[in-house]
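# Structural characterization, general
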Amino acid sequence: MSYRYHTADIFTDRMFGGNQLAVFPDAAGLTDEQMLEITREFNFSETVFVLAPDAREHTRRIRIFTPGRELPFAGHPTVGTAFVLAATGEIPFAGGSERIVLEEIVGPITVLIRGAAGKPVFTQLTAARLPESGESPLAAKDLARLLGLEGAEVLDGMLRPEISSCGTPFLCVPLRSPDALARARVQSNVWDEISRSTAIPELYLVTQDSWARDSGAPVSAGIVRARMFAPGLGIAEDPATGSAAAALGGYLTTRADSGDSSLHWTIYQGVEMGRPSKIELEVDRHAGKVSAVHVGGESVLVSSGTFHL
């Protein structure tokens with residue numbers, strides 16, 4: 001059997017940047033095992049398989065696979081699939097601004113598609129779940145050892161390691177400086193030692209220039225630098241991680257100034273990998289609490305082809 005596919009670079013405005021994604025626009029008939037095998041063949045961070053929706057009012061149902069397993073929700077596959085479907089004519093897009101709904105294990109995800117000259121350019125998801133937080137399974141000093149850093153380079157005050165999730169959990173690890181972020185590497189021997197007895201979520205390392213002072217002041221909106229490591233999923237490093245960005249929205253908002261104004265961060269990820277990515281993160285607040293999390297960015301169509309199974 002033959003299946004059409006498209007690839008795109010997500011969270012970038014130019015080819016060979018951002019995070020690669022493969023999308024099968026009509027995956028009907030594929031088994032779970034075949035989807036996983038195909039994903040491993042592409043060896044991207046994720047591959048998406050598109051199916052008819054369960055609910056008539058929704059646009060499509062999608063299944064997201066890493067080389068290790070299926071995910072209930074992921075950001076760059078969600079915004080990337082919306083972009084690919086619109087860019088290839090799989091769904092109608094007249095230009096301007098439109099919203100579609102993609103069914104995922106975590107629930108229905110609304111995606112805003114913005115275009116220029118009749119073509120999609122920017123896609124933005126609204127997380128199906130509000131952020132939830134949990135204690136880090138590892139102390140800051142243990143995370144520093146895992147990442148090959150000095151103990152003080154992993155912050156442990158108001159900014160401290162913490163799990164955050166909008167459907168997929170990430171361990172947010174705040175670092176003192178961009179220099180520490182650039183030097184961080186998962187030490188495989190330490191990972192093997194710790195993971196035998198401790199479940200470690202995907203690691204989302206983040207920093208802002210102002211964190212070097214560790215003053216305990218509220219975090220500010222603006223630019224965040226990030227890296228994501230997921231050895232447990234077979235992903236050594238990910239160049240752009242939308243679900244981690246959504247989770248980070250909850251982490252940062254609890255440490256920002258109080259109020260009901262929306263907050264905005266621009267996240268740069270993938271720089272150390274040579275695939276720079278730009279993720280736009282917005283958090284809406286109501287009555288002092290997070291009311292919505294939005295993650296978006298630009299994408300570029302790269303290739304189209306046929307997969308012979």
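Residues numbered from 1 in each chain as written. Predicted model: local features only at pLDDT ≥ 70, side-chain atom pairs only at ≥ 80, totals over all residues. Heavy atoms only, no water.

### Quick word on the overall build of the chain
Helix and strand counts for the chain come out as six helices and 17 strands. The 309 residues of the chain split such that 55% are buried. Looking at the chain alone, contacts between residues at least 24 apart form 64% of all its contacts between residues at least 6 apart. Per element, the accessible surface of the chain, about 12,900 Å² overall, is 49% carbon and sulfur. Across the chain, 27 positive and 37 negative side-chain charges occur, with their mean positions spaced 2 Å apart. (Helix = DSSP H or I, 4+ residues; strand = E, 2+ residues; numbered from the N terminus. Buried < 20%, exposed > 50% of the residue type's maximum accessible area, 1.4 Å probe, protein only. Contact = heavy atoms within 4.5 Å. Areas by Shrake-Rupley, 256 points an atom, 1.4 Å probe, with all protein chains shown as cover. Lys, Arg positive; Asp, Glu negative; His and termini not counted. Charge placed at Lys NZ, Arg CZ, Asp CG, Glu CD.)

### A word on the pattern of salt bridges
Oppositely charged side chains are able to pair whenever their charged atoms sit close together. Under the definition given, this model contains 16 salt bridges. With a shortest N-O distance of 3.0 Å, aspartate 9 and arginine 275 are connected by a salt bridge. Here the residue aspartate 9 occupies a position in strand β1 (residues 2–10), and arginine 275 occupies one in the loop between β15 (263–269) and β16 (277–286), the gap between them amounting to 266 residues. Each member of the pair aspartate 9 and arginine 275 is classed as buried. A single salt-bridge network, built from bridges that share partners, covers Arg225, Arg227, Glu237 and Glu272. (Salt bridge = Lys/Arg side-chain N within 4 Å of Asp/Glu carboxyl O.)

### Concerning helix α1 (residues 32–42)
Among the residues making up α1, those that are buried are Met35, Leu36, Ile38, Thr39 and Phe42. All buried residues of α1 lie within an arc of 160° about the axis, which places them on one face of the element. Across from the buried face of α1, at angles greater than 90 degrees, the exposed residues are Glu33, Glu37 and Glu41. In this fold, the buried residues of α1 make contact with β1, β2 (19–24), β3 (46–51), β4 (60–65) and β17 (289–308). Just past α1, the residue asparagine 43 takes up positive phi, approximately 60°. (Arc of directions from axis to C-beta.)

### A short note on the packing of aromatic side chains
Taken as a whole and judged by the stated rule, the model has nine aromatic pairs. Aromatic pair phenylalanine 24 and phenylalanine 307: ring centres 5.9 Å apart, planes at 70°, arrangement edge-to-face. One end of the pair, phenylalanine 24, is in strand β2; the other, phenylalanine 307, is in strand β17, and 283 residues separate them in sequence. Phenylalanine 307 gets classed as buried once you look at its relative accessible area, which sits at 16%. Taking 6.0 Å as the distance between ring centres and 25° as the angle between the ring planes, the aromatic pair formed by phenylalanine 42 and phenylalanine 307 counts as stacked. In this pair, phenylalanine 42 sits in helix α1 while phenylalanine 307 sits in strand β17, placing the two residues 265 residues apart along the sequence. Note on accessibility: phenylalanine 42 and phenylalanine 307 belong to one class, buried. Cluster of aromatic residues (ring-pair linked, three or more members): Tyr5, Phe24, Phe42, Phe44, Phe49, Phe65 and Phe307. (Phe/Tyr/Trp six-rings, centres within 6.5 Å; stacked < 30°, edge-to-face > 60°.)

### Regarding the environment of glutamate 202
If you trace the backbone, glutamate 202 turns up in strand β12 (residues 202–207). On the accessibility criterion, glutamate 202 (10% relative accessible area) is buried. Spatially, the C-alpha atoms of glutamate 202 and proline 231 are 7.7 Å apart, while their sequence positions differ by 29 residues. Residues in contact with glutamate 202, not counting those within four places in the same chain, are Arg69, Thr168, Pro169, Phe170, Leu171, Met228, Phe229, Ala230 and Leu233.

### Examining the side chain of histidine 76
Structurally, histidine 76 can be placed in helix α2 (residues 75–87). A polar side-chain atom of histidine 76 sits 3.3 Å from a polar atom in the side chain of asparagine 19. Only 3.0 Å separates the side chain of histidine 76 from the backbone oxygen of glutamine 20, close enough to count as a polar contact. Residues within four places of histidine 76 in sequence aside, it is in contact with Ile10, Phe11, Asn19, Gln20, Leu21, Ser45, Glu46, Thr81, Ala240 and Gly242. (Polar contact = N/O pair within 3.5 Å; in protein donor to acceptor, adjacent residues only side chain to side chain.)

### Quick notes on the pairing of strand β10 (residues 162–165)
Alternating residues of β10 divide into Glu162 and Ser164 and Ile163 and Ser165, and every residue in both groups is buried. In terms of strand pairing, strand β9 (residues 132–135) meets β10 through four bridges, oriented antiparallel. Following the sheet pairing, glutamate 135 is matched in β10 by glutamate 162. As paired elements, β10 and strand β11 (residues 169–174) share four bridges and run antiparallel to each other. Bridging across to β11, glutamate 162 finds its partner in cysteine 172. Counting the residues that bridge the hairpin from β10 to β11 gives three residues, and of these glycine 167 lies at a positive phi of roughly 130°. (Pairing = 2+ DSSP bridges.)

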